[in-house]
Amino acid sequence: METGNVRFPNGKVVPPIGQGSWHLGQGRRPADVEAAAMRTGIDLGLTLIDTAEMYGEGRSERHVGHAIAGRREEVFLVSKVLPSNATRHGIPKACDASLTRLGVDRLDLYLLHWPDGRTDLAEVVDAFEALRGAGKIRAWGVSNFDVDDMEALFALPDGRNCATNQVLYNLGSRGIEFALLPWCAARGVPVMAYTPLGGSRLLRDATLARIAAQHGCPVSAVALAWAARSGGVIAIPEAGNPAHVAENARALTLELTADDLLSIDAAFPPPHRKAPLDII
Ligand SMILES: NC(=O)c1ccc[n+]([C@@H]2O[C@H](COP(=O)([O-])OP(=O)(O)OC[C@H]3O[C@@H](n4cnc5c(N)ncnc54)[C@H](OP(=O)(O)O)[C@@H]3O)[C@@H](O)[C@H]2O)c1
């Protein structure tokens, strides 16, 4: 099974592996190395780039802006608004600030970062729709929404225009497979899988290492191809190292076999009951 592209409800098609940026542009390495890593990813087809106003208090967005300068048309750009800014007046202000930091005039996708229980979802949807009408975003979605949150969203006027739900999903955290993933799949809502390498913990796993050796590919590619195996999931690994990004891009052409998937299920059993959504 080769990892296929993913279609958003507005018809936009993206590769199933993108790039995260939570810790980038914040001094962990020389900024040029991290920018080179992101550009390597774009060269290799990892064109969806995920950021958020929260990451490094704007430094991640500035870093992404620097890394994609001159290449805006090649990338599918995702950012997120904090719940504390998620009001009728706060959302357009936060979006403008993100656009300025990124050095672009439009986002491809704008997400509510998480539901905090106080956010007025109807107001959020109205504000997102207004931004879409104004051409500042092409689509909007949510993050860290469980099934009941999605039900509440879809019950609102225009709530069904939600283009994605970005949630924790990796081999060590398969909980969404029980209810949320099928719920989204049934409604044509792609899921974005964050922390798809388990924050790099999965790279030390013996089962994944054996499968990777059989395919002659990096371990990270196995974990990412697995996350994106359904055609309805986009995995967004973060890597500030060009060699790591190149390893991750190998997932785009990796074909996991039925035997591989059985071995993976034995090592990382799928969920058998509904549990609360894990959030990082
Ligand atoms: N919506 C949300 O609430 C939410 C929450 C968490 C994360 N996210 C998004 O998801 C993205 C990814 O999640 P994450 O950063 O938590 O975890 P992750 O992608 O699972 O893991 C990132 C770690 O893996 C390492 N890595 C990546 N590729 C590697 C490779 N081929 N070989 C060895 N190490 C490798 C990276 O190190 P190097 O930098 O050294 O390559 C980094 O330390 C974030 O950047 C963010 O955009 C969203």
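You'll find the structure just up there.
Predicted model only: the values in this text are computed from it and were never measured.

Parameters and conventions
Residues numbered from 1 in each chain as written. Predicted model: local features only at pLDDT ≥ 70, side-chain atom pairs only at ≥ 80, totals over all residues. Buried ≥ 20, exposed ≤ 12 C-beta atoms within 10 Å, placed from the backbone. Helix = DSSP H or I, 4+ residues; strand = E, 2+ residues; numbered from the N terminus. Pairing = 2+ DSSP bridges. Right-handed = clockwise from strand over helix to strand, strands pointing away. Near = placed C-beta within 6 Å. Expected span 1.5 Å × (residues − 1). Arc of directions from axis to C-beta. Contact = placed C-beta atoms within 7 Å.

Trainee: Quick question: what am I supposed to make of the pairing of strand S5 (residues 109–112) here?
Mentor: A regular strand places its side chains on the two faces of the sheet in alternate fashion. Here S5 shows no split at all, with Leu109 and Leu111 on one side and Tyr110 and Leu112 on the other all buried. Relative to S5, strand S4 (residues 76–81) is paired through four bridges, and the arrangement is parallel. Across the sheet, the residue bridging to Val81 is Leu112, located in S5. Remark: the S4/helix H3 (residues 90–102)/S5 crossover connection has right-handed handedness. Taken together, the three bridges between S5 and strand S6 (residues 140–143) define a ladder with parallel strand orientation. From the neighbouring strand, Leu111 faces S6, where its bridge partner is Gly141. In this view, the connection linking S5 to its parallel neighbour S6 by way of helix H4 (residues 121–133) has right-handed handedness.

Trainee: I would appreciate a short explanation of the site of the ligand in the present structure.
Mentor: Lining the immediate environment of the ligand, one finds 28 residues, of which Gly20, Trp22, Leu197, Glu238 and Ala239 sit closest. The leading source of residues in the shell around the ligand is helix H9 (residues 242–249), at three residues.

Trainee: I would appreciate a short explanation of H3 in the present structure.
Mentor: Helical periodicity: at 3.6 residues per turn, an α-helix aligns residues three or four positions apart in one direction. Here H3 is 13 residues long and its end C-alpha atoms lie 18 Å apart, about the 18 Å a rise of 1.5 Å per residue gives. Taken as a whole, H3 has its buried residues at Ile91, Ala94, Cys95, Ser98, Leu99 and Leu102. Projected down its long axis, H3 carries its buried residues within an arc of 140°, all on one side. Away from its buried face by more than 90 degrees, H3 exposes Lys93 and Asp96. Each element contacted by the buried residues of H3 is listed here: helix H2 (59–67), S4, S5 and H4. Positive phi appears at Gly103, one or two residues downstream of H3, with a value of about 70°.

Trainee: Teacher, can you tell me more about unusual backbone geometry here?
Mentor: Residues apart from glycine generally show negative phi values, whereas peptide bonds are mostly found in trans. Residues other than glycine seldom take positive phi values, yet Thr195 does so here, at roughly 50°. For Thr195, the location among the structural elements is in the loop between strand S8 (191–194) and helix H7 (206–215). A positive phi angle is found at Ser200, which is not glycine, with a value near 85°. Mapped onto the secondary structure, Ser200 falls in the loop between S8 and H7.

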